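Examination of the molecular architecture
Okay, here's what each chain looks like letter by letter:
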Amino acid sequence: MNQKNAVITGASSGIGAETIRALVEAGFRVFIGARRLDRLNKLAEKYGATALHLDVTQKNSVQHFVDELPNNVHVLVNNAGGALGLEPIVNMNESDWLTMYQSNVLGLVRMSQALYPRLLADSHQVAHVVNIGSVAGFETYVGGAGYTACKHAVRAISETMRLEWLGKPIRITEIDPGFVETEFSLTRFGGDAVRASSVYDGMKPLEAADIADAIAWAVTRPAHVNIDNMVIRPLDQARIDKISRK
């Protein structure tokens with residue numbers, strides 16, 4: 001069998017970086033994209049992937065990235081995104097909200113639109129789009145309106161993909177993690193390591209590898225099986241704001 005091609009966005013750290021490992025181990029030829037090309041190159045060398053610069057917030061960057069890919073793409077993992085700030089609505093930072101929308105929502109759509117022809121190119125294989133959402137896609141919390149609005153949009157887009165692509169050989173999976181200890185909180189709090197680490201005080205969060213392994217499992221199911229949605233939380237979390245802390 002010919003080796004399948006997988007594409008991962010936001011692959012320079014966290015869930016994206018671990019997904020490189022998981023998909024290489026699953027036998028995929030992996031192409032990775034992110035803005036931090038120095039990190040990407042190290043990961044590419046470590047796992048045997050192909051690193052390409054990618055900024056999903058820029059249409060020209062997306063097109064240049066896609067132009068460097070093979071004609072056939074079998075898996076697209078839309079992982080790029082993240083949260084900025086934790087202010088209440090009345091203190092909205094419009095720049096942060098726009099940045100989150102560009103990466104989490106429009107970036108996902110740009111990638112899916114640009115790769116759609118390549119996802120359909122291999123008539124012998126079913127392709128797969130995996131959208132990394134969050135429990136914030138169906139829950140809300142104080143200070144999280146900007147991020148939860150973005151992840152609610154990801155859920156709406158994923159469901160619409162299933163409707164619009166029904167009958168096409170493309171599977172759609174949305175994976176919604178709870179607390180995962182990555183650079184997520186560090187980015188949200190502008191590099192404040194103390195504040196970021198306090199998010200996980202007294203509890204055991206998920207690891208990036210937990211989500212990456214779930215992605216690999218979903219994309220290696222038999223061709224007739226579609227995993228619509230996976231909600232993955234740490235044992236110590238019942239909701240975004242309901243945590244058991246020791």
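What you see as residue numbers is a count from 1 along each chain, following the sequence as written. Thresholds applied to this predicted model are a pLDDT of at least 70 for local features of residues and 80 or more for the giving and counting of side-chain atom pairs; totals over whole chains, interfaces and linings are not thresholded and use all residues. Side-chain metrics in this entry use all non-hydrogen atoms of the structure; hydrogen atoms and water are not considered.

Some thoughts on the pattern of salt bridges
Whenever a carboxyl oxygen of Asp or Glu lies within 4 Å of a side-chain nitrogen of Lys or Arg, that contact is scored as a salt bridge. For the structure shown, the criterion picks out 12 salt bridges. For Arg 162, the salt bridge identified is with Asp 228, shortest N-O distance 3.7 Å. Taken together, the residues Arg 162 in helix 5 (residues 145–164) and Asp 228 in the loop between helix 8 (208–219) and strand 7 (229–232) connect sequence positions 66 residues apart. For Lys 246, the salt bridge is made with Asp 236, and the minimal N-O distance between the two is 3.5 Å. In this pair, Lys 246 is assigned in the segment after strand 9 (242–243) and Asp 236 in the loop between strand 7 and strand 8 (237–239), connecting sequence segments 10 residues apart. Remark: exposure states derive from per-residue accessible area (1.4 Å probe, protein chains only) relative to the maximum for the residue type, with buried under 20%, exposed over 50%, and partly exposed in between. A relative accessible area of 77% means that Lys 246 is categorised as exposed. Because the salt bridges share partners, they merge into one network encompassing Glu 18, Arg 21, Glu 25 and Asp 213. For the purposes of this entry, the term helix denotes a DSSP run of H or I that reaches at least four residues, the term strand denotes a run of E that reaches at least two, and both are numbered from the N terminus.

Overview of the sheet that holds strand 3 (residues 50–53)
Each pair of strands is called paired provided DSSP finds at least two bridges between the two strands. Spatial strand order, 3-2-1-4-5-6-7: 7 strands in an open sheet with parallel pairing. Two strands lie at the open edges of the sheet, namely strand 3 and strand 7, each paired on one side alone. On average, each strand axis in the sheet is tilted by 15 degrees relative to the strand beside it, whichever way the strands run. Sheet topology places strand 5 (residues 127–132) next to strand 6 (residues 170–177); 6 bridges connect them, and they run parallel. Paired with Val 129 across the strands is Ile 172, a residue of strand 6. Residue contacts are counted whenever heavy atoms from the two residues lie within 4.5 Å of one another. What counts as an axis is a line fitted to C-alpha atoms, over the stretch in contact for a helix, and the angles between N-to-C directions run from 0 to 180 degrees. The sheet contacts of helix 2 (residues 37–47) involve strand 2 (29–34) and strand 3, and relative to strand 3 the element is tilted by about 170 degrees. Contacts from helix 3 (residues 59–67) reach strand 1 (5–9), strand 2 and strand 3 within the one sheet, and its direction differs from that of strand 3 by about 155 degrees.

Some points on helix 4 (residues 94–119)
Here the expected span of a helix is defined as 1.5 Å times the quantity of residues minus one. Compared with the 38 Å implied by 1.5 Å per residue over 26 residues, the 35 Å span of helix 4 between its first and last C-alpha is a close match. Two axes enter the definition of the bend at a residue: one is fitted to the seven residues ending there, the other to the seven starting there, and the bend is the angle between them. Along its length, helix 4 shows its largest kink, about 40 degrees, at Leu 106. Under this definition, polar contacts are N or O atom pairs within 3.5 Å; protein pairs additionally need one hydrogen-donor-capable and one acceptor-capable atom, and for neighbouring residues in sequence, both atoms have to be side-chain atoms. Between a side-chain oxygen at the N-terminus of helix 4 and the backbone nitrogen of Ser 95 the separation is 3.1 Å; the capping residue is Asn 93.

Observations concerning the pairing of strand 3
Looking at chain direction, strand 2 and strand 3 are connected through 4 bridges and run parallel. Looking at strand 3, one finds that Phe 31 is bridged to Thr 50. Looking down the strands as they point away from the viewer, one classifies a crossover as right-handed if the path from the first strand across the helix to the second runs clockwise. With respect to chirality, the unit in which strand 2 leads through helix 2 into the neighbouring parallel strand 3 is right-handed.

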